[in-house]
Amino acid sequence: LSQIEAKTEKLKTGITEFDRVLGEGITAGSLTLLSGEPGIGKSTIVLELASKLADQGKKILYISGEESAEQISNRAGRLCIKSENVEITSENALENILHIIDSQNPDFIIVDSIQVIASMELPSIAGSINQVRYCSEEIMRVIKAKNIATFLIGHVTKDGTLAGPKMLEHLVDTVLLIEGERYQNMRILRSLKNRFGSTNEIGLFEMTENGLKQVLNASEFFLDGRKQNAVGSVITATIEGTRPLLLEVQALTHPSAFGYPKRTASGYDSNRLQLLLAVIQKHLNLNVNAHDVYINVIGGFKLRDHAADLAIILAIISSLKKMPLPSNIAAFGEVGLSGEIRKIAQHDKRVKESQKMGFSQLVTPDQYSDLNRLMELF
C-alpha cells in the first residue's frame, strides 16, 4: 500500500456550492448519481454545470433519454446558456450511447436519466432492475477506461428513496440528492456517499427564473423575513457537514377540541416531537396533553439534528405561555428523557455562527444543565 502513489485529479466546476459537496471539484473518471423528485431541478443544475465546464474548454456530452434536443435547447435558452462545447443527443439505446461516447470522446458526460436507458441484449423493459444494473455497469466500464467524469440522473420513489436496485448506490462513486419543496425556492444538494470527499456535506441553492442561484450566506437566507418578538419563534444552530446554519423553528399550540390532541411537524421528526412533549409534561408540569401542537422549520429545511431539542421546547413553552423570547436568543442542546440538557458536537462552531449573526444571548448546555432552569427565561 505504501508504494502506491495516489493521483486524484479534481476539476473545479466554478459553482462554489457544488464543489463543496463534491469535495473541491469533480474527480476525473468518477461516476456520480444525482437523484431527486420530479421538477426539483436535476436537469437544470446539470445543464448549468455543463455550461460552466464548457466555458473552461471542456467537451460535454449530454445524453437525454426523456427529452428531445429541442426541449433541452429551450431550457438552455431560458437559463441564458449558449456554448459550442456542449453536444446534445436524444438516445435511450445503450449500444448507441456507447458508440457515441467512443466516437465523440468527451471530457464530461451527463445521462438523463438512467431509468430510461435500455440494452437490446436484455429482454426486460427500461427501468427494470436488470436493465438499470446492466446499463450502469456498461457505462461505468467505458468511462473508467477512458477516464471520463460522468453524471447519471436517477428517479426517486414516492417516499423519496432512489428508484431501482440498491446496487446502483454501491456501484457509483458519489451519490447526490437534491431536496426541497417543489413550491418553495430553496434547494439543498446533499452528499449521501462520496469516495473522494466527506459525506453528508450540503450545498444551498435558490431556484430563480434564470436557474439555480448559489446561497453563500445560508444563515442570512434562512432568517430573512423573521418577525420580531414573535410568540413561539426560536433560533437554533445546526451543523450540516462542515457548515453551521441558523434556522428559525416555530411552534403553535391550541387547546384541543377533541380528546386526542394533534401533533404535526413540518421539517421535523414527528416521533421526536412526541418524545419532547412527554418530557415537557413530565418535568415542567405544563399541560401539553390538552393542546394541539404544530411545529414548523422555516425555509423548507428538514431538521434532523438533536441539538434542536432545546429550541423546539422553548418555542412550545413560548406558545403555551403566549410570551415571546428576546430576539437576540439562540438555543441549541440535546434533551434527555430525565430532563437533563446534554452537550452536543461542534459546540464552538454553533456559538461562533450565532454570535456572527448577532445572537448574543445563547441558551446552551454550558449555561443550562436542567430543563427547569429554562423557566427563568419566561
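Here is a short report on the structure shown in this document. (Residues numbered from 1 in each chain as written. Predicted model: local features only at pLDDT ≥ 70, side-chain atom pairs only at ≥ 80, totals over all residues. Heavy atoms only, no water.)

**Brief notes about the overall build of the protein chain**
Quick reminder of the rule: Working definition: helices are DSSP H or I runs of at least four residues, strands are E runs of at least two. Numbering for both runs from the N terminus. The buried label applies to any residue whose accessible area, calculated with a 1.4 Å probe on protein chains only, is under 20% of its type's maximum; exposed applies above 50%, and partly exposed to all values in between. The criterion used for residue contact is that any of the two residues' heavy atoms lie within 4.5 Å. Per-residue accessibility takes into account occlusion by the displayed protein chains alone, with areas from the Shrake-Rupley method and a 1.4 Å probe.
When helices and strands are counted, the protein chain shows 10 helices and 19 strands. Seen through its principal axes, the protein chain has C-alpha atoms that stretch 70 × 50 × 45 Å. Expressed as a percentage of the 378 residues in the protein chain, the buried residues total 52%. Contacts in the protein chain between residues at least 24 apart in sequence constitute 69% of all its contacts with a sequence separation of at least 6. When the accessible surface of the protein chain is summed, it comes to about 17800 Å², and 48% of that surface belongs to carbon and sulfur atoms.

**Topic: the environment of valine 111**
Along the chain, valine 111 turns up in strand β6 (residues 108–112). Every residue in contact with valine 111, bar those within four places of it in the chain, is listed here: Ile63, Ile117, Ile139, Thr150, Phe151, Leu152 and Ile153.

**Comments concerning unusual backbone geometry**
Here aspartate 112 and serine 113 are connected by a cis peptide whose omega angle stands at 0°. Position of serine 113 relative to the elements: it lies in the loop between β6 and α5 (129–146). Of note in the backbone geometry, asparagine 105 takes a positive phi value of approximately 50° without being a glycine. The residue asparagine 105 is located in the loop between α4 (94–104) and β6 in this model. In the Ramachandran plot, asparagine 229 falls in the positive-phi region, its phi being about 55° despite a non-glycine side chain.

**Digging into the side chain of glutamate 248**
Heads up, the condition is: Neither His nor the chain ends is counted toward charge; the positive residues are Lys and Arg and the negative residues Asp and Glu. Here a salt bridge means any side-chain nitrogen of Lys or Arg lying within 4 Å of a carboxyl oxygen belonging to Asp or Glu. Pairs of N or O atoms are called polar contacts if they sit within 3.5 Å, as long as, within protein, a hydrogen donor faces a hydrogen acceptor (for residues adjacent in sequence, only side-chain-to-side-chain pairs).
For glutamate 248, the location among the structural elements is in strand β13 (residues 243–255). One buried charge, glutamate 248, has no salt-bridge partner; the nearest side chain with opposite charge is arginine 226, at 4.2 Å. Here the side chain of glutamate 248 touches serine 233 through a polar contact of 2.7 Å, side chain to side chain. Once residues within four sequence positions are removed from consideration, glutamate 248 is found in contact with Leu223, Arg226, Ser233, Val234, Ile235, Asn296, Val297 and Ile298.

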